[in-house]
Structures are given as structure tokens and as C-alpha cells.
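Chain residues, written in single-letter form:
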Amino acid sequence: MIVAGNWKMFPGPDPAVLARRVAGIAGVDAIVCPPYVSLARCVEAGLTTFAQNVHWENEGAYTGEISPSMLLGLGVAGSLVGHSERRQYFGETDEGVARRAQAALEAGLGVIACVGETQEQRDSGDMEVVLRIQVDAIRDACGAHERLVLAYEPVWAIGTGRTATPEMAQEAHAFVKSLLDRPVLYGGSVKAENADELMSQPDVDGALVGGASLDVESFASICQAAAHSHS
Ligand code: PGA
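Colleague: Could you give an account of the layout of surface pockets, with specific residues and numbers?
Modeller: Leftover empty space is mapped by rolling, across the atoms, a probe with the size of a water molecule. Within this model, the largest pocket holds a volume of roughly 460 Å³. Lining the largest pocket are 16 residues, with Lys8, Met9, Gln52, Arg86 and Phe90 sitting closest to its centre. Here the lining of the largest pocket gets 3 residues from one element, more than from any other, and that element is helix H4 (residues 84-89). Split into classes, the residues belonging to the lining of the largest pocket amount to 7 nonpolar, 5 polar and 4 charged.

Next comes the structure, spelled out in C-alpha cells:
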């Protein structure tokens, strides 16, 4: 089981305090995804550290971007790609997300590639079509790479307090896995209170946690729930 904390553009907890708290939790790979400025401090604290995004080139005139080799140089283990906030607010496309994932994997980083439908897409019955397009782009570029993990994050559940029911998560995860057979994390308003039932679903292989990862105790509780679940 994997529990990844996405701090987004928040300072997040003290890395040393967090590292001490999660160190004793066996059976779960805890990952933090802090803002770029905190990557080095998280690595130094001994946390498995992922960036929140990564470019496909190793250097070049790409203002505001950061490269796979730069992340590796810091001791960073991987990166998120394709988070819905990147897709929604920064115009990232399926093609660009796939290029980022492929370059990061080729450089030796791990990748958590995010997919998920909006409320409108779910309501109009297009969930599977949308997921298929997003996952196919990643699969065509990366295949079932051993360092690739997917995250199913329904956009309507992110930061809204509206979590998918365990059944909804299970159904979507099984579908995503039928397209690309890699572990799938659930993301979208995961908290200490709902982590257990979500992660007890057979095809839920962990969680990608936003808001609740900013608090050491709630992140640790979610890691503990993961440690106690099926796999
Ligand atoms: P949330 O965010 O847990 O705050 O809903 C999840 C995410 O965006 O990865």
C-alpha cells in the first residue's frame, strides 16, 4: 500500500516531525509531495519525496519548469504528473502528461500519474470514455512500467469533502486496471475517517491525500489505515 501526501501550494508540516511519526508504520510506503522549495528538506529528513510535476526535457528554455535530472540530483524519488489542478488551471494535455511521465520513468524516477472525471462528465455518462482517453495516453507512452503508479482522482471529490463511495472507487479502479495493470491510488477528500473503508476495496492500492496530509496526525492515521488493509 502507498499513501502519498500532496501538499499542493501549502508549506506543509515540519518534515523532521513527519518523518519521525511515519517511520514506525510498517507495511505502507509513505510519500510526500511538497512544493519544490521544500523538496531538499524532505529528502534530508529521510522522507520518500516526490515532486508535484516534472518536465520531459533535462534542461532548456522552459521557464517555471523543473527537470527529471534536477529532481534526481536532489535525491527526489519521483513525481506526480497530470494532477487535475495542472490539467484544469494550467492547460496540461493528455499528450503532455504522458511525455512527462515517460521522461521521468526513463530518467529513473517513480511516477504517480493522475486521472479522473469531472462531475459533468460523470453525470453525462462519460466517465469511462474520459478515463480511457487519459489512461491510454499514459499507457501508450509508458506501458505497464514497474515504477508507474496511477491515481484515480474524481475531480468532483478533490478538496470538496465529497468522497467517492468505496463502491464508486472500486468500480473506477477496476476499470482503470483493465486498461493498464498497475497499482491505483484513490484521491479526493481522503481523511482519517474514510481511509479504512476506501482502502479495504480490493482494487484500491493506497491513497493520494491532499488537505488531510497537511496535518501530521491525520496523515499518520491514513498511513495506519493503509497498513491494516488488504495488501
Ligand atoms: P484532497 O486532494 O485530499 O484535498 O481532496 C487530493 C488531491 O488533489 O490529490
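What follows continues from the structure just given.
Colleague: Any details on the pairing of strand S2 (residues 29-33)? Residues and values, ideally.
Modeller: S2 sits mainly inside the fold: 4 of its 5 residues count as buried. Note: strand S1 (residues 2-6) against S2, 5 bridges, orientation parallel. Residue pairing in the sheet places Ala4 in a bridge with Ile31 of S2. With 2 bridges joining them, S2 and strand S3 (residues 48-51) adopt parallel strand pairing. By the bridge assignment, Ile31 is partnered in S3 with Thr48. Handedness of the crossover joining S2 and S3 through helix H2 (residues 39-44): right-handed.

Colleague: For the sheet that holds strand S6 (residues 148-152), give the residues involved together with the corresponding values.
Modeller: Adjacent strands of a sheet pair through backbone hydrogen bonds, lying either parallel or antiparallel. Read around the barrel, 8 strands follow the order S1-S2-S3-S4-S5-S6-S7-S8 and close on themselves; strand pairing throughout is parallel. Averaged over all pairs of adjacent strands, the angle between their axes in this sheet comes to 25°, without regard to strand direction. Across 4 bridges, the pairing between S1 and strand S8 (residues 206-209) is parallel. Within the sheet, the bridge partner assigned to Gly5 lies in S8 and is Val209.

Colleague: Tell me what's going on with the site of the ligand, and back it up with residues and numbers.
Modeller: The full set close to the ligand counts 13 residues, and Lys8, His83, Glu153, Gly159 and Ser189 are the nearest of them. Take Glu153: an N or O atom from its side chain is 2.7 Å from an oxygen atom of the ligand. One nitrogen or oxygen atom from the main chain of Gly211 is found 2.9 Å from an oxygen atom belonging to the ligand. Looking at side-chain class alone, the shell around the ligand contains 4 nonpolar, 7 polar and 2 charged residues.

Colleague: A description of the environment of Gly161 should follow, citing residues and the corresponding values.
Modeller: Examined against the element boundaries, Gly161 turns out to sit in the loop between S6 and helix H8 (166-179). For the pair Gly161 and Leu198, spaced 37 residues apart in sequence, the C-alpha to C-alpha distance is 14 Å. Discounting residues that sit within four places of it in the chain, Gly161 has contacts with Ser189 and Lys191.

Colleague: Describe the pattern of salt bridges, listing the residues and the values that go with them.
Modeller: Under the defined criterion, the tally for this structure stands at 11 salt bridges. Residue Lys177 is joined to Asp205 by a salt bridge in which the shortest nitrogen-to-oxygen separation is 2.8 Å. Here Lys177 is found in helix H8, whereas its partner Asp205 is found in the loop between helix H9 (192-199) and S8, with 28 residues between them in sequence. Of the residues examined, Lys177 reaches a relative accessible area of 18% and is grouped as buried. On the accessibility criterion, Asp205 (14% relative accessible area) is buried. Taken together, the shared-partner salt bridges connect Glu65, Arg86, Glu92 and Arg100 into one network.

Colleague: How would you sum up the environment of Gln102? Please name residues and give values.
Modeller: In this structure, Gln102 sits in helix H5 (residues 94-107). Taking relative accessible area as the criterion, Gln102 reaches 30% and is therefore assigned partly exposed. A C-alpha to C-alpha distance of 9.4 Å links Gln102 and Leu148, two positions 46 residues apart in sequence. Filtering out sequence-adjacent residues up to four positions away, Gln102 remains in contact with Ala141 and Cys142.

Calculation notes
- Residues numbered from 1 in each chain as written.
- Predicted model: local features only at pLDDT ≥ 70, side-chain atom pairs only at ≥ 80, totals over all residues.
- Heavy atoms only, no water.
- 1 Å grid on protein atoms, 1.4 Å probe; cavity = no way out; pocket = protein on both sides within 12 Å on 5 of 7 lines; lining within 4 Å.
- Points joined across faces, edges and corners; volume = space filled by probe spheres on them.
- Helix = DSSP H or I, 4+ residues; strand = E, 2+ residues; numbered from the N terminus.
- Nonpolar A, V, L, I, M, F, W, Y, C, P; charged D, E, K, R; others polar.
- Buried < 20%, exposed > 50% of the residue type's maximum accessible area, 1.4 Å probe, protein only.
- Pairing = 2+ DSSP bridges.
- Right-handed = clockwise from strand over helix to strand, strands pointing away.
- Axes fitted to C-alpha atoms, helices over the stretch in contact; angles between N-to-C directions.
- Near = heavy atom within 4 Å.
- Polar contact = N/O pair within 3.5 Å; in protein donor to acceptor, adjacent residues only side chain to side chain.
- Contact = heavy atoms within 4.5 Å.
- Salt bridge = Lys/Arg side-chain N within 4 Å of Asp/Glu carboxyl O.

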